[in-house]
Amino acid sequence: MIDQLKPAAAQPLPVSPGVGRALVLLCVFVCAACGLVYELELVAVAGYLSGDSVTQTSVVLSVMVFSMGVGSLLAKRWRCRAAAGFAVVEVLLSLAGGLSVMALYASFAWLGQSRAVLVVFCVVIGVLIGAEIPLLMTLIQRIRHQDAGGAVADLFAADYVGALVGGLAFPFLLLPWLGQLTGAMLTGAVNAVAGGALVVGLFRHDLGRRTRRALTGGLVAALAVLGLAAACAEPFERAAQQAVYEPRVLLSRDTGVQQVVVTGGTPRGAAAAGSSREEPGASPGTAGARGTGKEDEEEHGKEGTGAVRGPEPLRLFLDGRLRADAADRHRYHEALVHPAMSGPRRNVLVVGGADGLALREVLRHSSVRSVTVVDADRELLRLARTDPGLTALNGRAHEDPRVRHVVADVFAWLRGRGTGTEYDVVVVDLPAPPAADSAKLYSREFFGLASRAMAPGGRLAVHAGSAARQPQAYWTVDATVRSAGLRTVPYRVDAAYAGAGPGTADGTAARAPGPGGRRPADWGLILAARQKPVLAPGPTAPGLRSLTRESLHRAARAAARHRPAVPPQPSTLVRPRYPG
């Protein structure tokens, strides 16, 4: 029993027992907050690097909880020297937790994978966190003996409150203000100071002179290492980004919603296209949209050639996933937008698409009178209007006077819009499943809300992921759209990047820079309406580079080849069906 343990050489404390207990509980509070921050940091970084947040969260939590149990058992060996043992644990924990994010990024950037490093840090941090409570239990009993139940209640109360504070501090303070790297290092420093101050200050008489000096030196060394790492965080991040994204990084910004990275050079014709929009009397972003079909085709041809002045085309990454490539962006956005624009198109709703690339294709139709862009990322919308790289990609589409921007959660906005404007075309340009954060926006409930916003005869265009590489997720999206009362035409468009052929039937493609690792081999798309839609670009479509009626028929047949033998069930909010 812990309450029966009596240290052989218990020395008087420099403060009263009441103050001593309060200081120990305060240390428990701080250590619990730091421990939860380490855990959340690992979950966030692992999910960002792999793109599979459900699996990574499960790995981190299960491995850490198991390791905490192992740490609790190992701590029994230190109970007779609880003060020194606790100080060693806190110094090691501050280094492991504070440097974990940097180590994961380094492993991914220069070794190409981080799963093994993630598991190692989960084990180490879990063992050290698990050792804390038994040692703190011994220390609080060292101050004043009480029944084990009362001591456990006090410790766990402080521990749980600390976990609450740490859990709230991570998303609302550390992540937005300091970022993942510096936030983890600051947490490690706070952890080291709290543990070291408790032992060296309150229990210093329990330590020999050499032990006290060694622990003080270790504490100072840990703080020095964390301080040096924090000072190097910015150049380290730049070097890691260059290693991951390979070409020149033009922009890297954490918007609070996602990580935005723009790499590469400048597409040829971008400057010319931009200058054409600045002619006197011309509205920005409307030169191609309001002109004649011939002018529209010529303008798009100059902007969308995909050739570059530098060795690499402009590329846009969102949360590490390749979102747009100047060398091939016309294939995806033409295929997503123009089949849905075959018919009435006065009012258009673009869901997501803050980068402005789908919006650019919509505005090429002169008959469009209004476009509403709804996206939760205010900063990406601002960057898409002001950053030279992004404006070169989207042709300053956001400056068109027909465009209205709404910064809101897409699901909540659709749910709360009431009986507002009915849209002839709804374009869903969002990260597709199996990403866990996409499940809500690819649910039956979401597509039901989107259908409610459609005018009679309206069409819905949906980006549904890769039909070749992730057929189960793709056809689950199709089943989910149909469960909302719409009829669908699934189709698949191959990616054909500069220097790489089209994606093959098995879904392979050339390796892309960025955490995503590979370029998408294909884009699985879905056209839906209340009546069976016709998959065609329409007779009045502007000049298109990659889209014809015949190519769309081939795209529909290509998608059908990947249909699962067992039809998937639709996904709902209560029961998400997307794999991964």
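Residues numbered from 1 in each chain as written. Predicted model: local features only at pLDDT ≥ 70, side-chain atom pairs only at ≥ 80, totals over all residues. Heavy atoms only, no water.

## Some details on the packing of helix H3 (residues 82-111) against helix H4 (residues 115-143)
Relative orientation and spacing of two packed helices are given, respectively, by the angle between their axes and the distance between those axes.
Thought 1: Two elements in contact, H3 and H4, have axes separated by 9 Å at closest approach and are oriented at 160°. In this view, H3 runs roughly antiparallel relative to H4, as classed from their interaxial angle. Both H3 and H4 take part in a crossing whose hand is left-handed.
Thought 2: The residue makeup of the contact of H3 with H4, split by class, is 21 nonpolar, five polar and two charged. (Axes fitted to C-alpha atoms, helices over the stretch in contact; angles between N-to-C directions. Helix = DSSP H or I, 4+ residues; strand = E, 2+ residues; numbered from the N terminus. Parallel < 35°, antiparallel > 145°, perpendicular 65-115°, else oblique. Left-handed = near helix turned anticlockwise from the far one by under 90°. Nonpolar A, V, L, I, M, F, W, Y, C, P; charged D, E, K, R; others polar.)

## Quick look at the pattern of salt bridges
Thought 1: This structure, assessed with the given rule, holds 15 salt bridges.
Thought 2: Arg382 serves as the salt-bridge partner of Glu379, at 2.7 Å between the closest nitrogen and oxygen. Of this pair, Glu379 and Arg382 both sit in helix H13 (residues 378-386), separated by three residues, roughly a single helical turn.
Thought 3: As a salt-bridge pair, Arg396 and Glu399 come within 3.4 Å of each other at their nearest N and O atoms.
Thought 4: Taking the relative accessible area as the measure of exposure, Arg396 reaches 25% and is therefore partly exposed.
Thought 5: What you see here is one network of salt bridges that share partners, running through Arg253, Glu379 and Arg382. (Salt bridge = Lys/Arg side-chain N within 4 Å of Asp/Glu carboxyl O. Buried < 20%, exposed > 50% of the residue type's maximum accessible area, 1.4 Å probe, protein only.)

## Section: the confidence of the model for the protein chain
Thought 1: For the protein chain, per-residue confidence averages 84 on the pLDDT scale, and residues scoring 70 or more make up 84% of the total.
Thought 2: This stretch, residues 1-8, has a pLDDT under 50; its non-local contacts, to residues over four places away or in other chains, come to 15 contacts.
Thought 3: Between residues 266-310, whose pLDDT stays under 50, and residues either more than four places distant or in other chains, the model counts 80 contacts. (pLDDT = per-residue confidence, 0-100. Contact = heavy atoms within 4.5 Å.)

## Considerations on the packing of aromatic side chains
Thought 1: Scanning the model with the defined rule gives seven aromatic pairs in all.
Thought 2: A centroid spacing of 5.9 Å and a plane angle of 55° characterise the contact between Trp110 and Phe236, whose relative ring orientation is tilted. Residue Trp110 is located in helix H3, and its partner Phe236 is located in helix H7 (residues 233-245); the two are separated by 126 residues in the primary sequence.
Thought 3: Each member of the aromatic cluster is reached from another via a ring pair, and the members are Phe411, Tyr442, Phe446 and Phe447. (Phe/Tyr/Trp six-rings, centres within 6.5 Å; stacked < 30°, edge-to-face > 60°.)

## Some words on the nonpolar core
Thought 1: Residues Val24, Leu42, Phe86, Ile125 and Phe203 are the most contacted members of the largest nonpolar core, which totals 69 residues.
Thought 2: Elements represented by at least two residues in this core include exactly helix H1 (17-50), helix H2 (53-74), H3, H4, helix H5 (148-202), helix H6 (209-231) and H7.
Thought 3: The element contributing the most residues to this core is H3, with 14 residues.
Thought 4: Among all residues touching Phe86, those that are not within four sequence positions of it are Cys27, Cys31, Glu132, Leu135, Leu136, Leu139, Gly195, Leu198 and Val199.
Thought 5: Counting residues in hydrophobic clusters, the runner-up holds 47 residues, among them Ala326, Val350, Leu381 and Val403. (Core = buried A, V, L, I, M, F, W, Y, C linked by side-chain atoms within 4.5 Å.)

## A short note on the sheet that holds strand S3 (residues 315-318)
Thought 1: In spatial order, the strands read S1-S2-S3-S4; together these four strands make up an open sheet with antiparallel pairing. On the outer flanks of this sheet lie strand S1 (249-254) and strand S4 (321-325), each paired with one strand and no other. The average angle at which neighbouring strand axes cross in this sheet is 15°, direction not considered.
Thought 2: For S1 and strand S2 (residues 259-263), the ladder comprises five bridges, and the chain directions are antiparallel. By the bridge assignment, Ser252 is partnered in S2 with Val261.
Thought 3: Contacting S1, S2 and S3, H13 crosses the sheet at an angle of about 155° to S1. (Pairing = 2+ DSSP bridges.)

## Quick look at the packing of H3 against H7
Thought 1: Here H3 crosses H7 at 30°, and the two axes come no closer than 8 Å. Relative to H7, H3 is oriented roughly parallel. Of the two elements, H3 crosses H7, and the hand of that crossing is left-handed. Packed against H3, whose contacting residues are Met102, Tyr105, Ala106, Phe108, Ala109 and Trp110, the element H7 presents Ala233, Phe236, Ala239, Ala240, Ala243 and Val244 at the interface.

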